Amino acid sequence: TASDGDVKLLTLAVVRRGGRLLLGRKKRGFGEGYVNGFGGKVEPGETIAAAAAREIREECGVTPLGLCQRGILTFAFDDQPRPWEVHVFTASDFTGEPYETDEMAPEFFEAKLEAIPFDKMWADDRYWWPLLLRADEPLFAGLFAFERTHELRWWRLQEVAAL
Ligand code: 6OG
């Protein structure tokens, strides 16, 4: 079960199907307009993996299969009281048909780095996506500091043996 101390715990999931990835364009709230994986806040008493699965279902209607944690990204914002700890997951497939919700408009992209729309994504994504897409599936941990919400000032990213 997640314990929520000084950080805000969130999930972020990239869902695969064959050679394609299911992402979404965020329609409202934090990160509106950005293309991103599916995710959101971990609820009290909920495991982080359960939250990841729930958020995928809520935001695009599919049930993930083969959910697996790949990374932890910590975001420090100069305009937010607490850092955000975002747990990054991949799913190897899904059941159901993705549909548009109030939160997200789902979209498929080819599962290769050149096809990922980094110009429409948060500024940190271009750094950790290469690790996410790597065939040997390394685990990673990153720290990203943002100013005025969207400007990435500095960052650190490393492969880790365990999360
Ligand atoms: P809600 O507030 O909608 O959850 N998120 C980020 N994702 C990336 N790639 N970069 C960031 O850089 C992010 N900050 C937050 C976590 C927000 C969703 O957006 C993700 C959640 O999946 C700062 O509940």
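Our subject in this report is the structure included herewith.

Here is what the cut-offs are and how they apply
- Residues numbered from 1 in each chain as written.
- Predicted model: local features only at pLDDT ≥ 70, side-chain atom pairs only at ≥ 80, totals over all residues.
- Heavy atoms only, no water.
- Near = heavy atom within 4 Å.
- Polar contact = N/O pair within 3.5 Å; in protein donor to acceptor, adjacent residues only side chain to side chain.
- Helix = DSSP H or I, 4+ residues; strand = E, 2+ residues; numbered from the N terminus.
- Nonpolar A, V, L, I, M, F, W, Y, C, P; charged D, E, K, R; others polar.
- Contact = heavy atoms within 4.5 Å.
- Salt bridge = Lys/Arg side-chain N within 4 Å of Asp/Glu carboxyl O.
- Buried < 20%, exposed > 50% of the residue type's maximum accessible area, 1.4 Å probe, protein only.
- Pairing = 2+ DSSP bridges.

Around the ligand sit 18 residues in total, of which Thr 11, Lys 26, Asn 36, Asp 124 and Asp 125 are the nearest. In the environment of the ligand, an oxygen atom lies 2.9 Å from a nitrogen or oxygen atom belonging to the side chain of Asp 124. Of all elements in the fold, only strand S1 (8-17), strand S5 (68-77) and helix H2 (125-133) reach the threshold of two or more residues within the shell around the ligand. Among the elements that take part in the shell around the ligand, S1 stands out by supplying three residues, more than any other. The residue inventory of the shell around the ligand, partitioned by class, reads nine nonpolar, four polar and five charged.

Turning to its location among the elements, Val 86 is positioned in strand S6 (residues 84-91). Taking C-alpha positions, Val 86 is 9.8 Å from Gly 142, a pair spaced 56 residues apart along the chain. Residues in contact with Val 86, not counting those within four places in the same chain, are Leu 10, Thr 11, Leu 12, Gly 71, Ile 72, Leu 73 and Phe 75.

Now for the pattern of salt bridges. Enumeration over the complete set of coordinates arrives at 14 salt bridges. Arg 17 is paired through a salt bridge with Asp 93; the nearest N and O atoms lie 2.8 Å apart. Taken together, the residues span a long stretch of sequence, with Arg 17 in strand S1 and Asp 93 in strand S7 (residues 93-95) at a distance of 76 residues. Its relative accessible area of 32% is what places Arg 17 among the partly exposed residues. Put simply, Glu 46, Arg 54, Glu 55 and Glu 58 are held in one network by salt bridges that share partners.

It is worth spelling out the pairing of strand S10 (residues 151-160) at this point. Alignment of strand S9 (residues 139-147) against S10, held across nine bridges, turns out to be antiparallel. From the neighbouring strand, Leu 143 faces S10, where its bridge partner is Arg 156. Joining the antiparallel neighbours S9 and S10 is a turn of three residues, in which Arg 148 adopts a positive phi near 45°.

Moving on to the side chain of Lys 26. Within the secondary structure, Lys 26 sits in strand S2 (residues 20-26). A polar side-chain atom of Lys 26 sits 2.7 Å from the main-chain carbonyl oxygen of Phe 30. Ignoring anything within four residues of it in the chain, the contact list for Lys 26 reads Gly 31, Glu 32, Gly 33, Tyr 34, Glu 103 and Met 104.

Of note, Pro 138 is situated in the loop between H2 and S9. Given the relative accessible area of 9%, Pro 138 is considered buried. Remark: the alpha-carbon pair of Pro 138 and Arg 70, spanning 68 residues in sequence, is separated by 7.1 Å. With residues up to four places along the chain from it excluded, the contact list for Pro 138 reads Arg 70, Leu 131 and Glu 159.

Assignment of secondary structure puts Glu 55 in helix H1 (residues 48-60). Among residues more than four places away in sequence, those in contact with Glu 55 are Thr 11, Phe 38, Gly 39, Gly 40 and Lys 41.

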